[in-house]
Amino acid sequence: MCYGFDGRKALERSLAERGTSRRNLLRGALAGLAGAGALAAGVGAPLAHAAGRPTGRPVVPPGLIGIQLYTLRSVLGGENFEPGLRQLADIGYRRVELAGLAGRTAGEVRALLDDIGLAATSGHDGLSTDPAALETKIADAVTLGRSHLVVPYLASSSRARWQAWAEQINREAAAARAAGLRYGYHNHAHEWTTDLGGGVTPWDVLTSECDPDLVHLEIDLYWVVTAAIQLGEPDPECFAIDVIRDAPQRVRQFHVKDRAAADGATADLGTGIIDFRRIFRAHSPEEYIVENDNPEVTPMTTARVGYSYLRGLRY
């Protein structure tokens, strides 16, 4: 779930419409272990693709590591906002992706981030309801010093609806470009598992109708791997790599969260089944954004584990 939107429910709805039962979610999670190579490690055991002993050059440049603040929503409320951000800076983060402004103005958040030494390079913003809302969204992003506006979630079983959204994304992206901003779309799993008729999926509509000169992609690796598993793909990482390579739009950002072996839930980096190093070898984005929708221990533990994992990956 990103910025308050439930990607798992959208996935379940799409699978139900395709005639796939809810209990197949767990079956798909277990089947995905084989495709991801987890059976060799033992079901339920973390894989040995975590950072390991550094043997070569870093896979992820440290300056490109960020974190989606939705991950820390339970510990950044009210007076905890500033100390929580300072903890992230102490961990080593220099970038954050916003999910709202925590009840503050864009100027107040920018001043706080500048004081701490953090940059809000990106943020999740829904499609604007009218031209005035779009103007405000862009103005706030400029004030914050952001370089990216990202649509976090759309869901429908109507092809016409997705086409209308693609048209609006193009219009908003053009306005964002005029203000010096990049405009992207963030996926969940249902973009591949929803059948809009004739085998056409929302991903087909978005990638064919969003202008690649204006719109980029923020690929959530957990969700694309989850979609691959639910579709019965034998090699989920290969599916993810093909998605990245085949899209006309450039993949400028990754959301990086792992997938638990036992039940397919989101997991801290290096504790699940996704071979991130393999995907990172195939494509180098401009940002690697740590996320865990539901941290197993504490949100700050997720932040520390995620940063350490990405810093420790070596070729």
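Residues numbered from 1 in each chain as written. Predicted model: local features only at pLDDT ≥ 70, side-chain atom pairs only at ≥ 80, totals over all residues. Heavy atoms only, no water.

## A short note on the confidence of the model for the protein chain
Applied cut-off: How sure the predictor is of each residue is captured by pLDDT, a score from 0 to 100. Whether two residues are in contact is decided by their heavy atoms: any pair within 4.5 Å suffices.
Per-residue confidence for the protein chain averages 88 on the pLDDT scale, and 83% of its residues sit at or above 70. Of the regions scoring below 50 in pLDDT, residues 21-52 engages in 63 contacts with residues more than four places distant in sequence or in other chains.

## Regarding the side chain of Q68
Definition in use: Strands are runs of DSSP state E lasting at least 2 residues, helices are runs of H or I lasting at least 4, and numbering of each runs from the N terminus. Throughout, exposure labels follow a simple rule: accessible area from a 1.4 Å probe, protein chains only, divided by the maximum for the residue type, with under 20% read as buried, over 50% as exposed, and the rest as partly exposed. Polar contact is the term for a pair of N or O atoms within 3.5 Å; when the atoms are in protein, one must be able to donate a hydrogen and the other to accept it, and sequence-neighboring residues count only if both atoms are side-chain atoms.
Topologically, Q68 is positioned in strand 1 (residues 65-68). Its relative accessible area of 0% is what places Q68 among the buried residues. Here E97 takes part through its side chain, which lies 2.7 Å from a polar atom of the side chain of Q68. Apart from the residues within four sequence positions on either side, Q68 is in contact with E97, L98, A99, H124, H255, I289, V290 and E291.

## Remarks on the pattern of salt bridges
The cut-off we apply is this: Counted as salt bridges are all cases of a side-chain nitrogen of Lys or Arg within 4 Å of a carboxyl oxygen of Asp or Glu.
Here the structure, examined in full by the defined rule, presents 14 salt bridges. Measuring nitrogen to oxygen at the nearest pair gives 2.6 Å for the salt bridge that ties K257 to D220. Pair noted here: K257 is in the loop between strand 7 (251-256) and strand 8 (258-259) and D220 is in strand 6 (residues 215-220), with a separation of 37 residues, a long-range link. Both residues of the pair, K257 and D220, count as buried. R252 is the salt-bridge partner of E286, the closest N and O atoms lying 2.5 Å from each other. Of this pair, E286 sits in the loop between helix 11 (276-282) and strand 10 (287-290) while R252 sits in strand 7, placing them 34 residues apart in sequence. Here the salt bridges share partners, and the residues they tie into one network are R182, R250, R252 and E286.

## Focus: the sheet that holds strand 4 (residues 148-151)
For the record, the criterion: Strands qualify as paired when DSSP identifies two bridges or more between them. To define axes, lines are fitted to C-alpha atoms, for helices over the stretch in contact only, and angles between the resulting N-to-C directions are given on a 0 to 180 degree scale.
Read from one edge to the other, the open sheet built from eight strands follows the order 3-2-1-10-7-6-5-4, with strand pairing classed as parallel. Since the sheet does not close on itself, it has two edges, and those belong to strand 3 (119-123) and strand 4, each with one partner. The sheet shows a mean angle of 30 degrees between the axes of neighbouring strands, taken without regard to direction. Of the strand pairs in this sheet, strand 5 (residues 182-186) and strand 6 are connected by four bridges, and their pairing is parallel. What sits directly across from Y185, in strand 6, is L217. Sheet strands in contact with helix 12 (residues 299-312) are strand 1, strand 7 and strand 10, and its direction is about 145 degrees off that of strand 10.

## Here's the deal with the pairing of strand 10
The side-chain alternation of strand 10 yields two buried faces, one formed by E287 and I289 and the other by Y288 and V290. Two elements, strand 1 and strand 10, share three bridges in a ladder whose sense is parallel. Bridge pairing in strand 10 links I67 to V290. Alignment of strand 7 against strand 10, held across four bridges, turns out to be parallel. Across the sheet, the residue bridging to Q253 is E287, located in strand 10.

## Quick notes on the packing of aromatic side chains
Our working definition: The pairing test for Phe, Tyr and Trp rings, Trp by its six-membered ring, is centres within 6.5 Å, and the orientation test on the planes gives stacked under 30 degrees, edge-to-face over 60, and tilted for anything in between.
This structure, assessed with the given rule, holds 10 aromatic pairs. On the numbers, 6.3 Å between centres and 70 degrees between planes, the contact of W192 with F239 is edge-to-face. Residue W192 is located in helix 7 (residues 190-193), and its partner F239 is located in helix 10 (residues 236-246); the two are separated by 47 residues in the primary sequence. The pair W192 / F239 is uniform in exposure class, with both members buried. Among the aromatic side chains, those forming a connected cluster through ring pairs are F254, F276, F280, Y288 and Y309.

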